[in-house]
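Breakdown of the fold
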Amino acid sequence: MNLIDRRALLLGAAAAFGGRGTPALAKTEASPVGSAHDGLNAQARARGLFYGSAIDQNMLANDPAYMDHVARECGMLVSEYSMKWGTLRPTPTTFDFSAGDKLLAFARKHGIPMRGHTLAWHMDNPPWLVSDLKPGNAEKILTKHAQTVVKHFKNRLVHWDVVNEVLWSKDGKPGGMRDSLWYRALGDRYIDIAFHTCAEADPTALRCINDYGLDYALPDDERKRHDMLNLLAALLKRGVPVQALGVQGHITAGNVPFDPRVMEQFINDVTSMGLKVLLTEVDVRDNDLPADLAPRDAGVAAAGAAYLDAVLKNPHVIGVLTWGLSDRRSWLNDELPRADHLPQRALPLDTELQRKPLWSAMAASFQKAPQRT
Ligand code: G3I
């Protein structure tokens with residue numbers, strides 16, 4: 001590991017672990033991480049936080065201008081899909097790390113820490129897994145996958161989203177567990193298996209459980225917050241080595257009841273268990289806003305500011321990632337398009353890679369956040 005890697009890892013780890021147990025580098029030491037003095041990560045790092053974004057293999061291969069802005073703005077990266085089963089596991093006996101390794105090489109070239117996403121999810125699984133997974137083979141398959149993948153990236157990723165989106169109360173299972181292929185094969189024990197395997201394969205990576213729909217004063221979100229708190233308490237009680245909650249933060253501008261006190265209370269309830277929290281996939285849907293750019297950008301910025309202001313109040317929140325950096329590419333346009341089919345303006349940079357009001361709102365939220373030690 002060269003100096004840049006080590007410095008980035010330390011910086012990233014310092015932010016990634018909220019400073020716990022990691023030698024923080026002298027503030028004066030120049031760092032390549034989000035090295036532009038005015039990038040979003042520079043704003044976050046000044047308060048002991050990190051800012052980063054999801055990146056994908058297509059963007060890396062075909063959009064150098066986008067990636068230049070990623071290097072300027074970001075101090076943490078995550079692969080949007082190249083480290084998931086669907087990409088990593090073409091067959092039951094093979095692993096394809098080529099795309100993930102390219103993304104990691106970009107991160108290390110720019111001295112930017114990277115997080116892993118994800119070892120067990122109900123989506124983006126190869127057809128052979130969906131058809132072959134059974135109660136009798138699931139533990140072996142999951143253990144082998146997690147062990148091989150985490151060891152492949154050992155000491156080069158600062159976090160893992162060990163499990164993703166395990167709760168879905170509408171499935172009617174105990175504790176609001178999602179009736180996923182993993183749950184059907186192993187019950188909620190798949191969570192234990194994934195976390196213990198990850199801890200053993202790479203003890204240096206912060207182990208996160210990641211989910212969405214935790215944000216609003218709405219019955220579904222309230223139920224998921226309740227189920228998540230109960231799940232985290234149960235996992236800790238039975239010795240599952242979970243260290244952090246990833247709150248995805250796919251929020252909406254417009255007609256949704258955001259109550260900062262509800263969000264603050266939930267984050268406090270999580271961190272009072274001794275867990276860290278990070279925002280892992282923030283973007284701001286603008287489906288409810290008019291087509292005109294000025295009011296749309298203003299509404300997105302206002303929603304982003306209110307959300308980050310509330311969440312970042314808790315000093316155990318270690319950082320923020322957006323699910324993409326520029327409106328050039330957002331999953332929202334594929335999965336949740338606007339009625340007028342205009343590209344959503346959900347991210348900090350516009351399609352021309354120019355900073356938008358959301359960028360400024362995020363910078364302001366970082367600047368007002370309590371200083372992390
Ligand atoms: O780039 C290829 C393209 O070359 C190919 O022609 C096309 C058709 O196969 O696929 C394209 O890749 C797709 C990629 O999105 C880019 O569009 C993958 O197949 C597709 O699986 C991938 O979907 C991702 C999805 O997770 C499933 O992995 C989305 O990008 C990604 O934004 C989404 O991310 C999830 C988080 O992991 C969890 N939280 C919710 C979030 C949004 O759904």
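Not measured: the values here are computed from a predicted model.

What counts, and at which threshold
- Residues numbered from 1 in each chain as written.
- Predicted model: local features only at pLDDT ≥ 70, side-chain atom pairs only at ≥ 80, totals over all residues.
- Heavy atoms only, no water.
- Near = heavy atom within 4 Å.
- Polar contact = N/O pair within 3.5 Å; in protein donor to acceptor, adjacent residues only side chain to side chain.
- Areas by Shrake-Rupley, 256 points an atom, 1.4 Å probe, with all protein chains shown as cover.
- Nonpolar A, V, L, I, M, F, W, Y, C, P; charged D, E, K, R; others polar.
- Buried < 20%, exposed > 50% of the residue type's maximum accessible area, 1.4 Å probe, protein only.
- Helix = DSSP H or I, 4+ residues; strand = E, 2+ residues; numbered from the N terminus.
- Pairing = 2+ DSSP bridges.
- Core = buried A, V, L, I, M, F, W, Y, C linked by side-chain atoms within 4.5 Å.
- Contact = heavy atoms within 4.5 Å.
- Salt bridge = Lys/Arg side-chain N within 4 Å of Asp/Glu carboxyl O.
- Axes fitted to C-alpha atoms, helices over the stretch in contact; angles between N-to-C directions.
- Parallel < 35°, antiparallel > 145°, perpendicular 65-115°, else oblique.
- Expected span 1.5 Å × (residues − 1).

1. Looking at the site of the ligand
- Of all residues adjacent to the ligand, which total 15 residues, the nearest are Asn58, Glu80, Lys84, Asp124 and Glu281.
- At 3.5 Å from an oxygen atom of the ligand is found a side-chain nitrogen or oxygen belonging to Tyr81.
- A distance of 2.7 Å separates an oxygen atom of the ligand from a polar atom in the side chain of His117.
- Summarising the interface, the protein chains cover 58% of the accessible area of the ligand, which totals 800 Å² for the free molecule.
- Among the residues forming the shell around the ligand, the class breakdown is four nonpolar, five polar and six charged.

2. Notes on the pairing of strand β8 (residues 276-285)
- For β8, the tally of buried residues reaches nine of 10 residues, placing the bulk of the element in the interior.
- As defined by bridge partners, strand β6 (residues 244-247) adjoins β8 across four bridges and the pair is classed as parallel. Each bridged residue has a counterpart across the sheet, and for Leu245 the counterpart in β8 is Val277.
- Both strand β7 (residues 250-252) and β8 contribute to a ladder of three bridges, which runs parallel. Looking at the pairing, Ile251 lines up with Val284 of β8.

3. Let's talk about the nonpolar core
- Within the largest apolar cluster, 95 residues are counted, with the highest numbers of intra-cluster contacts made by Tyr190 and Ile209.
- The element contributing the most residues to this core is helix α10 (residues 189-201), with seven residues.
- Residue contacts for Ile209: discarding those within four places in its chain leaves Val163, Val166, Phe195, Met228, Leu231, Leu232, Leu235, Val242, Ala244, Leu245 and Gly246.
- If you look at the next biggest cluster of nonpolar residues, it comprises 12 residues, including Met76, Val158, Cys208 and Ile318.

4. A short note on the pattern of salt bridges
- Counting across every chain of the model gives 22 salt bridges.
- We note a salt bridge from Glu73 to Arg355, for which the minimum N-O separation is 2.8 Å. Remark: Arg355 occurs in the loop between α14 (331-335) and α15 (357-368) and Glu73 occurs in helix α4 (residues 64-73); sequence separation between them is 282 residues.
- On the basis of relative accessible area, Arg355 is assigned to the partly exposed category, the value being 30%.
- The partner of Arg115 in a salt bridge is Asp161, with the nearest N and O atoms 2.8 Å apart. Of this pair, Arg115 sits in strand β3 (residues 114-120) while Asp161 sits in strand β4 (residues 159-164), placing them 46 residues apart in sequence.
- Judged by relative accessible area, Asp161 falls into the buried class, the value being 1%.
- Here the residues in one salt-bridge network are Asp56, Glu80, Arg329 and Asp334, joined through shared partners.

5. Some thoughts on the packing of helix α11 (residues 219-237) against helix α12 (residues 260-271)
- One can describe the packing of α11 onto α12 by two numbers: an axis separation of 10 Å at closest approach and a directional angle of 10 degrees. Compared by their axis directions, α11 and α12 come out roughly parallel. Between α11 and α12, the contacting residues are Arg225, Met228, Leu229 and Leu232 on the first element and Val262, Phe266, Asp269 and Val270 on the second.

6. Details of helix α13 (residues 293-312)
- In a regular helix each residue adds 1.5 Å, so 20 residues correspond to 28 Å; α13 covers 27 Å between its end C-alpha atoms and thus fits that length.
- Buried within α13 are the following residues: Arg296, Asp297, Val300, Ala301, Ala303, Gly304, Ala305, Tyr307, Leu308, Ala310, Val311 and Leu312.
- The secondary structure elements touched by the buried residues of α13 are β6, β7, α12, β8, β9 (317-322) and α15.

Shape descriptors only; they carry no functional weight alone.
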